[in-house]
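# Architecture and fold: a report
So you can see what is in the structure, the chains are spelled out below.
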Amino acid sequence: MQWFEALVLGIIQGLTEYLPVSSSGHLAIGQALFGLGDGAENLSFTVAVHVATVLSTICVLWREIAWIFTDLFAWVKGLFSPTDDGKSFLQRLTTFNEGTQYTVNILISMIPVAIVGLFFKDKVEEVFGSGLFIVGICLMVTAALLSFAYFSMPRQRETISLRDAFIIGIAQACAVLPGLSRSGSTIATGLLLGNKKEKLAQFSFLMVIPPILGEALLDVKDMASMGVSNAMAGISPTALIIGFAAAFISGLFACKWMLNIVKKGKLIWFAVYCAVVGIAVIALR
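Residues numbered from 1 in each chain as written. Predicted model: local features only at pLDDT ≥ 70, side-chain atom pairs only at ≥ 80, totals over all residues. Heavy atoms only, no water.

### Re the overall build of the chain
Applied cut-off: Per the convention used, a helix needs a DSSP run of H or I reaching at least four residues, while a strand needs a run of E reaching at least two, with both numbered from the N terminus. Only protein chains enter the accessibility calculation, which uses a 1.4 Å probe; a residue is then buried when its area is under 20% of its type maximum, exposed when over 50%, and partly exposed in between. By the convention used here, residues are in contact when the closest approach between their heavy atoms is within 4.5 Å. Methods summary: accessible areas were calculated by the Shrake-Rupley approach with a probe of 1.4 Å, and residue burial reflects only the protein chains presented.
Within the chain, the regular secondary structure consists of 15 helices and zero strands. Looking at the 285 residues of the chain, the share that counts as buried comes to 45%. For the chain, restricting intrachain contacts to residue pairs at least 6 apart in sequence, the fraction spanning at least 24 positions comes to 83%. As displayed, the chain offers around 14300 Å² of accessible surface, 70% of which is attributable to carbon and sulfur atoms.

So, in structure tokens, the structure goes:
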């Protein structure tokens, strides 16, 4: 992989991780256009750009992340601090403040994707190696899901319930398929469930941080098993750094942009885009 290819693919990853058009699908298309296979250099590059997008999320949503940890620490402190409220330890354990409830929702949303990652990882990897036809089909599914969410008008709730968090997590687990947008699937599912637009994009971007980091750790384990020299074969440190920087900078832009897009409810244009690209990929594969 040359530095220019890393630059282009890094920008693609950073933009499409947040925009509802499927980062995995677009990376597969980009790698196919550049003639890149499924070699070890793609694994090391994938780890780098995914970590870069996580860092961009943290930079954009650092206030929300700080609020979550502040409330979480306050809840933990309350468990072991003597109080005069007459509550037992079990009562304090199950009484959450707002930030702790948000953390529980994120943990609940991680269950489906954790099951897929632990028990169906090999099957998912087989799908990734099955060519661009599945990418085109999944892009069409993404377009349909975004369209349903745009034209439905459920009453919007202020908070995301545990049930909704789990269902949104199922949507995230399904989005491991290349071409099925993770952000598009989770946000559209949340909208169809009646959750407030302003809350959904933030929750969608925060809930993906632990799974991405977990997947990156597993990939690093695979790289370690094959040896650093073999894992870095075919890609220079310069190209890796360029790809990382491109994904981080474009991710900052896309994350902020997507938060505003969801608030304004303009997801239909991404449905049109996914439909056009999906048809083109199926026709020209």
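### Focus on the packing of aromatic side chains
Put simply, the rule reads: The aromatic pairing rule takes the rings of Phe, Tyr and Trp, using the six-membered ring of Trp, and pairs them if the centres are within 6.5 Å, calling planes under 30 degrees apart stacked, those over 60 edge-to-face and the rest tilted.
A complete count under the given rule lists eight aromatic pairs for this structure. Their ring planes at 65° and their centres at 5.6 Å tell us that Trp75 and Phe96 sit as a pair that is edge-to-face. Separated by 21 residues along the polypeptide, Trp75 in helix 4 (residues 62–80) and Phe96 in the loop between helix 5 (89–93) and helix 6 (98–119) bring together distant segments of the chain. With a relative accessible area of 17%, Trp75 lands in the buried category.

### A word on a nonpolar patch on the surface
Put simply, the test is: Only residues whose relative accessible area exceeds 30% and that form no salt bridge are eligible for patches; like-charged ones are grouped when within 9 Å, while nonpolar side chains (Val, Leu, Ile, Met, Phe, Trp, Tyr) are grouped when within 5 Å. By convention in these notes, a salt bridge is any Lys or Arg side-chain nitrogen within 4 Å of a carboxyl oxygen on Asp or Glu.
On the surface, Ile111, Ile115, Leu118, Phe119, Phe120, Phe166 and Ile170 cluster together into a nonpolar patch covering about 690 Å² of accessible area. Going through the elements one at a time, helix 6 and helix 9 (162–174) are the ones with two or more residues in the nonpolar patch. Among the elements that line the nonpolar patch, the one with the most residues is helix 6, at four residues. Here Phe166 shows up in helix 9. Judged by its relative accessible area of 35%, Phe166 falls in the partly exposed class.

### Looking at the nonpolar core
Rules: Definition used in this section: a nonpolar core is a set of buried Ala, Val, Leu, Ile, Met, Phe, Trp, Tyr and Cys residues joined via side-chain atoms within 4.5 Å.
Within the largest apolar cluster, 45 residues are counted, with the highest numbers of intra-cluster contacts made by Phe203, Phe205, Leu206, Met258 and Leu267. Apart from residues no more than four positions distant in its own chain, Leu206 is found in contact with Leu61, Glu64, Ile65, Ile68, Tyr102 and Ile106. One finds Leu27, Ala52, Ile235 and Ala247 within the second-largest nonpolar core, a separate group that totals 12 residues.

### Regarding the pattern of salt bridges
Counted under the stated rule, the structure contains two salt bridges. Arg163 is paired through a salt bridge with Asp164; the nearest N and O atoms lie 3.0 Å apart.

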